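Notes for the structure review
The residues making up each chain are set out below.
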Amino acid sequence: MLDWLPDPHVLAMLSAEPQGWMLARAVREHAAIVDFELLYINDAGCRMVGRARGELVGSRYRQLWPDTMHDGTLPFYRTVVETGIAAVRTVYYERQSISGHFEFRVGPYRDGIMVRCVDLRRVTVSPQSAAGERLFDILDTAFDGFTVLAPLRDAGGEITDFVCEYVNQLGAKLTGRHVRDVIGSRLSEISPDSWPSGLFDRYRAVAASGDPWRQELTYPEIDQVWEIKVGRTAGGHVAVSFREITEQVDRQRQLTDSVHRAERAASRARGLESVTAALVAASTTAQVYAALGSVLRPSAGGQGLALLLCQDQSLQLAYHAGYEPEVVARLQELPMDHPYPGVTAARTGHAQYVSALTQFRAAQAGHRPAVPPGQRQAWAFLPLIAGGEVLGALVVGYRQPRDFDDDTRSTLTALAGLGAQALQRAMLFETSRSIASELQHALLPAALPQIRGLRHAARYLPWTRGAEVGGDWYDIITIRDGVVGIVIGDVAGHNTTAAAAMGQIRDALRAYAVAGHRPSDVMNHTNHLIRALRLDAWATCCYLQVEVAEGTVTGVLAGHPAPIVRDADTTALMSLPTQAPMGVSDRTVYRETTFVLAAQATVVLYTDGLVEDRSHPLDRGLQELCDAVGTAPAGDPAAILDHILTSDVGPRPRRDDIALLCLTRDPADG
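Remember, predicted model here, so these are calculated numbers, not experimental data.

Digging into helix α20 (residues 637–646)
Regarding α20, the residues found buried are P637, I640, L641 and I644. End-on view of α20: buried residues confined to an arc of 95°, all on one side of the axis. Tucked inside the fold, the buried residues of α20 contact β17 (454–461), β26 (602–606), α19 (618–631) and β27 (658–665). A distance of 3.2 Å separates the backbone nitrogen of A638 from a side-chain oxygen at the start of α20, and that oxygen is part of D636.

Put into structure tokens, the structure is as follows:
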């Protein structure tokens, strides 16, 4: 290892650095980099990770920070070694093994890497600091521009000015200066117009009261509109964020202009903005139909509305409001060669306007059966076009003859366009949701076996979007009479590749369990199979083998959160040592732990989406879950799970799938 270290003079320089420095050697298997071994870390680095050098040097990344394996750090390091190109990465951790907001500058060093680590929560930016020019890269993506102002006070404590302690490039651009010229300067120097514009007073008010403030600002010199938000930090500084909203403002301005033109032409178009809001909020076709009937029809000024969709070379009625039964009956299905103007609009993609009853009858003259007019005497037949595709036609009927001038036609076309986009979006959403639902249903057990002496219940709550499929799974495996395997796991990812890997891992684990292997061997065999099949996936898993009558439990925990056990006296985490996830390394050897489950005890297994995400620490989530299990009704697994899901457990809103499995020993057999 000594041969790897730099010259002693270089090491002395690194040791004196206020920022963390680390040196790591690539660990290879069959020429592929699978891990990194830490060979050197300075005192600042030890302080950042909160551990002594003796605990760190000589250990591998997977051993030191196993709960950060989800964030792509190892592939990032591997790329630096393989390409020989230095790179910068920022990460935010709230984990048991490490906590902080860090910037890593990583460069290749022999067959390994040299890393400079900056704790961004403690960094001090000065005019001379190179970090002042790159910190904009590590700001949360919620901000396009950002600056931090420190108040300057006179002898009486009154704020008379501010000093810029940090600004990113976009923030500096608004002042027409470079970042290095802004940081360390007074607000009166870099933005003197803050006084006449009232911004200085706003900053001062926020610094004094702590109440946040926002406003839209227009900068004609750069032809942009920015939204400014101002808040006070815990240290009394003023944090100002800038988000460019030029495009949104332009769209809003165009919409407002359209509404104003429509209002001058007809009062019926004044609801355009409410139609937009109602349709944007609609996620399903049923919600779109409800918005069409309750908002769009009054805005269009009509007394009847029908929605016809193209299906199998015909137009079929999907929704109607205000039409008579005889009209509805005839509109149920119309062939695409029918002369009804609504069919013509859908077939050609061009709107048809019928101003009088005579025109309506003339359009269908000689065709039987014709669509009756009902009580209407004028119609607008509007094609529903989205993404270049004609979805069908929207029919708006009026009880009195009327002319359709240009302004009215423009308004109706805009309404139909909004309806078509909302309808297409809802159709795609329902189709993708159906696909995801069917895939997920196929990947989870259709039914769990009934076990004498053991009651159980399971829940799965998806959080996938569109056609994504979650990697969480659970299973109960009958091994032999009186012995069952209990499984819960999570394959990393939300895509079809992860879903396929989950299916293979689940089936492999079940096969090894049914074959009678001990829990440790089940996990070892499954891990080796994942590696042998090159699934390019890894999975966390908890596997328990339960001898029901005796209450003996033998378990293995592979990178998964430990189950919760509730007995007559306590509710706590199950005492299982955490080992590496499956699929990470061929060298992993899983070891099992055996203990006795008390009579009438309850065990709750779960996936990590229930208790943690990037903003909700794991320790907090586990304590919330223990509290919920401890206060849940005893004996009924389904009631226990319902209690957990309605309690204040874990992040809100959730950002991951959740699988839950609850077991209780039957007191009659316990």
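So that's the structure; there's more coming.
Here we look at empty space enclosed by the protein
Inspection of the entire model under this criterion finds 3 cavities of 30 Å³ or more. The volume enclosed by the largest cavity comes to roughly 240 Å³. Considering the residues around the largest cavity, the lining is formed by 20 residues, among which M22, Y61, W65, Y77 and F104 are closest to the centre. Secondary-structure elements contributing two or more residues to the lining of the largest cavity are β1 (20–29), β2 (32–41), α5 (73–83), β4 (99–109) and β5 (112–119).

Describing the sheet that holds strand β16 (residues 389–398)
On the basis of which strands lie adjacent, the open sheet formed by 6 strands has the order β13-β12-β11-β16-β15-β14 and antiparallel pairing. The open sheet is flanked by β13 (333–335) and β14 (352–354), the only strands paired with a single partner. Ignoring strand direction, the axes of neighbouring strands in this sheet form an average angle of 25°. Strand direction decides the pairing type here: strand β15 (residues 378–386) and β16, joined by 9 bridges, are antiparallel. Looking at β16, one finds that L382 is bridged to L394.

So, the nonpolar core
If you look at the biggest cluster of nonpolar residues, it comprises 51 residues, and the most contacted ones within it are Y474, I486, L509, M523, L544, M582 and L605. Excluding its chain neighbours within four sequence positions, the residues that come into contact with Y474 are L444, P445, L448, A458, R459, Y460, V487, I488, A659 and L661. Listed in part, the 28 residues of the second largest apolar core include Y203, W213, V238 and A239.

Reading guide: rules and limits
- Residues numbered from 1 in each chain as written.
- Predicted model: local features only at pLDDT ≥ 70, side-chain atom pairs only at ≥ 80, totals over all residues.
- Heavy atoms only, no water.
- Buried < 20%, exposed > 50% of the residue type's maximum accessible area, 1.4 Å probe, protein only.
- Helix = DSSP H or I, 4+ residues; strand = E, 2+ residues; numbered from the N terminus.
- Arc of directions from axis to C-beta.
- Contact = heavy atoms within 4.5 Å.
- Polar contact = N/O pair within 3.5 Å; in protein donor to acceptor, adjacent residues only side chain to side chain.
- 1 Å grid on protein atoms, 1.4 Å probe; cavity = no way out; pocket = protein on both sides within 12 Å on 5 of 7 lines; lining within 4 Å.
- Points joined across faces, edges and corners; volume = space filled by probe spheres on them.
- Pairing = 2+ DSSP bridges.
- Axes fitted to C-alpha atoms, helices over the stretch in contact; angles between N-to-C directions.
- Core = buried A, V, L, I, M, F, W, Y, C linked by side-chain atoms within 4.5 Å.

In short, the description is geometric, and any link to function would need to be established separately.
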